[in-house]
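One letter stands for each residue in the lines below.
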Amino acid sequence: MMEKTIDVMRQAKRNTAIDADDHGLSLPTGEFAQPEYHEQRERAFELRNVSVHYGDTPAVKDVTMDIFRNNITALIGPSGCGKSTLLRCMNRMNDLIPSATVEGTLRYHGEDIYGPKVDPVQVRKIIGMVFQKPNPFPKSIYDNVAFGPRTLGMKGNEREIVKDALVRAGLWDEVKDRLDDNAYGMSGGQQQRLCIARCIAVEPDVILMDEPCSALDPISTARIEDLMLELKERYSIVIVTHNMQQAARVSDMTGFLMVQLTEDEKSRWGELVEYDETAKIFTNPADARTEDYIAGKVG
Amino acid sequence: MSVNQDEHRLAGRARIAVAGARAATGDVFGRSSRRERLGNVVFPALLLLALSVALAGLLAIIVWAVVEGGSRANVDLITNGTSRLDAASAGYREAILGSLYVIGGVILLIVPLGVGAAIYLEEYADKTRWWNRLIELNIQNLAGVPSIVFGILGLAFVVRGPLSLGFVAAAGAITVAMLVLPTVIIAAREAIRAVPPSIREGSLALGATQWQTIRRQVLPAAFSGILTGTILAVARAFGEAAPLLLVGATTFVTFDPSLFENRFTTLPVQIFNYSKQPQEEFQVLAAGGALVMITLLVVVNSFAIGLRNKFERRW
Ligand SMILES: Nc1ncnc2c1ncn2[C@@H]1O[C@H](COP(=O)(O)OP(=O)(O)OP(=O)(O)O)[C@@H](O)[C@H]1O
Ligand SMILES: [Mg+2]
């Protein structure tokens, strides 16, 4: 049954000209009813009124957005506004935090990610994640990449899979002579690219990246950005970043989240203020708060 | 804002003035106070003293065993059987075999049970549930229960009662396993907890199941810690005598042990028995036994340290 769900997901992905109304979903309303982009691209994720609480404390409220296939979507916003929380909902990593509860609907190619028949393990096979701090396994470089395919029982020549992933992550030339060395002996930037290689070795459809460059120097960052631009041909990428230039450089769509406070300042949560084409967000944002944030006036 | 800046500037000036004064007296960094200097000397000295007391005790035992029992330090001591009459040719054969049987049984029991319990408590148990907290609390407490109490438990439940194994080596193994199990669980839990959550997240994010993550990432990464804890527990089990006396390790067994038949004896119990004999030669024999035990412990512990260093992880 699980396998079938995933088949549905994969199948959906192949039908390129997918129409949102097929799924009985209405287009977002209000300020999200803009436009053009809905016609042009295939939706990967559809988030409708997604709210996340940790215990009784809200982290993000009422996020509604569409994330498109073969796009890089950037989430920006001040610290604590719930970017990581939102990202972790998309592959059910929040399930690992017992106090976290997710409300609203998250669909991936029409399939409810939080549906009763969906196994989070299957979701994570298709929607991979790269973390803020490089987290290679305490194993050899080869085993780091081979772990996923081995564990998931992927068919094919393991050496080929590993090599292919390392090549695509732009790491092969640097490590081809030291595949049996421990991954902890690599530089931070190499470790992060290894984590990306590890992630693409299992052939996901989406890669979620939570501040993947925040621990890296500008050169490593540039390499990872180049890599993302290459990867988007095959994958959909959602990236959380604090680096405005990075969002502007690599992303197609940008969502800006902001912390909201109640009158008495007792309760705070994150909200999606604006979501649009990156070019528009950075040149002509609709919301004054977006403009202030991008101009460095707040946050 | 401006008040703040003024303060800042004043503080800055004061600092410069002080620095200037110091420079004038050739004392740029200032001197540490008498108290600080005294503390720097006194505390390391106290710590060294504590360490040397511990080491002196150990050294004294080894020296005593060598001086007293050195004359019997030969192969006969290990291969010859027990004798109550002829101290000069008596050895520890049955006792060493008995110890091996008991320790073997202990290892077979504590590794799966201890690691399994630790995995459950660390990876699966929901700590907000009262029964899981109760289990945790009980394990902590069990680790502090005197070994003789476990001996009584073994007598009531393993030798007699539900298991009714009788006074045999297997009963000894089960009893000692119960005794050291809490320490193994605690050590294994610590080792598992020391594996950074980012490793688990990385594995789960690839689509591995929780069990695959535990089996292929967490356990290998925690291996050296689990191993160290297990070997320390085994070393303790090896030295235990009191609970075994209650479950069948008795005086002067002159036949090789077996797991489920016959009484048995172990090395520490046998040393105790020999040392109770009035003749001087038996005292020498007991010291020789102590020498065997110390040697075995040193070998086992070095092995453990070697293995741990080999598998040690850094994050
Ligand atoms: N495991 C957790 N348990 C309880 N509260 C949490 C947890 N993780 C995050 N939060 C809270 O949820 C809110 C959003 O956190 P989140 O980490 O998503 O923010 P963020 O936008 O990613 O911030 P940053 O840019 O600093 O990474 C914060 O107020 C945070 O304190
Ligand atoms: Mg974050």
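Residues numbered from 1 in each chain as written. Chains lettered and ligands numbered in written order. Predicted model: local features only at pLDDT ≥ 70, side-chain atom pairs only at ≥ 80, totals over all residues. Heavy atoms only, no water.

Looking at an unreviewed UniProt entry, one finds chain B named Phosphate transport system permease protein PstA, with Phytoactinopolyspora halophila as its source organism. Listed in UniProt under the heading Subcellular location (unreviewed entry), the comment for chain B reads: "Cell membrane". (UniProt positions renumbered as here; feature names shortened; annotations may be inferred.)

### Focus: a nonpolar patch on the surface
Residue and element names in this part refer to chain B. On the surface, Leu38, Val41, Val42, Phe43, Leu46, Leu49 and Val53 cluster together into a nonpolar patch covering about 700 Å² of accessible area. Position of Phe43 relative to the elements: it lies in helix 2 (residues 34–69). On the basis of relative accessible area, Phe43 is assigned to the exposed category, the value being 55%. (Patch = residues over 30% accessible without salt bridge, like charges linked within 9 Å, V, L, I, M, F, W, Y side chains within 5 Å. Areas by Shrake-Rupley, 256 points an atom, 1.4 Å probe, with all protein chains shown as cover. Salt bridge = Lys/Arg side-chain N within 4 Å of Asp/Glu carboxyl O. Helix = DSSP H or I, 4+ residues; strand = E, 2+ residues; numbered from the N terminus. Buried < 20%, exposed > 50% of the residue type's maximum accessible area, 1.4 Å probe, protein only.)

### A look at the environment of A:Asp276
You can see A:Asp276 is positioned in strand 10 (residues 268–277). Put simply, A:Asp276 and A:Met65 are 211 residues apart on the chain and 9.4 Å apart in space, counted from C-alpha to C-alpha.

### As for the UniProt feature "transmembrane region" (unreviewed entry) in chain B
All names here are of chain B. Those places that UniProt annotates as "transmembrane region" (unreviewed entry) correspond, in this numbering, to residues 41–67, 100–121, 142–159, 165–188, 218–238 and 284–307. In residues 142–159, the share of helix is 78% and the share of strand is 0%. The end C-alpha atoms are 21 Å apart. Within residues 218–238, the helical portion is 100% and the strand portion 0%, while the C-alpha atoms at the span's ends are 29 Å from each other.

### Structural notes on the interface of chain B and chain A
Taken together, the contacts link 18 residues of chain B with 25 residues of chain A. Carbon and sulfur atoms make up 62% of the surface buried where chain B meets chain A, a total of about 1800 Å² over both sides. Looking at the side of chain B facing chain A, the largest losses of area belong to B:Glu201, B:Ala205 and B:Leu206, adding up to 32% of the total buried there. Taken together, chain B and chain A are joined by one salt bridge. With a closest N to O distance of 3.1 Å, B:Glu201 and A:Arg88 form a salt bridge. At the junction of chain B with chain A, the criterion picks out four residue pairs in polar contact (both at pLDDT 80 or more). Those elements that provide at least two residues to the side of chain B that touches chain A are helix 8 (197–205) and helix 9 (210–239) of chain B. Residue contributions to the side of chain B that touches chain A peak at seven residues, all from helix 8 of chain B. (Contact = heavy atoms within 4.5 Å. Buried area = accessible area lost by both parts, 1.4 Å probe. Polar contact = N/O pair within 3.5 Å; in protein donor to acceptor, adjacent residues only side chain to side chain.)

### Let's talk about the packing of aromatic side chains
Enumeration over the complete set of coordinates arrives at six aromatic pairs over all chains. Here A:Phe137 and A:Phe147 contribute two aromatic rings whose centre-to-centre distance is 5.0 Å and whose plane-to-plane angle is 70 degrees, an arrangement assigned as edge-to-face. Highlighted residues: A:Phe137 in the loop between strand 6 (127–130) and helix 5 (141–151) and A:Phe147 in helix 5, separated in sequence by ten residues. There is no split in this pair, since A:Phe137 and A:Phe147 are both buried. Consider the rings of B:Tyr274 and B:Phe282, whose centres lie 5.7 Å apart with planes at 25 degrees: the pair is stacked. As far as burial versus exposure is concerned, B:Tyr274 and B:Phe282 are alike and both buried. (Phe/Tyr/Trp six-rings, centres within 6.5 Å; stacked < 30°, edge-to-face > 60°.)

### A closer look at the site of ligand 1
All names here are of chain A. Around ligand 1 lies a shell formed by Tyr54, Ala59, Ser79, Gly80, Cys81, Gly82, Lys83, Ser84, Thr85, Ile97, Glu211 and His242. Here Gly82 contributes a backbone N or O atom positioned 3.0 Å from an oxygen atom of ligand 1. The contact in question runs from an oxygen atom of ligand 1 to an N or O atom on the side chain of Ser84, over 2.6 Å. Protein contact buries 60% of the 630 Å² of open area that ligand 1 shows by itself. At three residues, helix 3 (residues 83–90) tops the list of elements feeding residues into the shell around ligand 1. Among the residues forming the shell around ligand 1, the class breakdown is four nonpolar, six polar and two charged. (Near = heavy atom within 4 Å. Nonpolar A, V, L, I, M, F, W, Y, C, P; charged D, E, K, R; others polar.)

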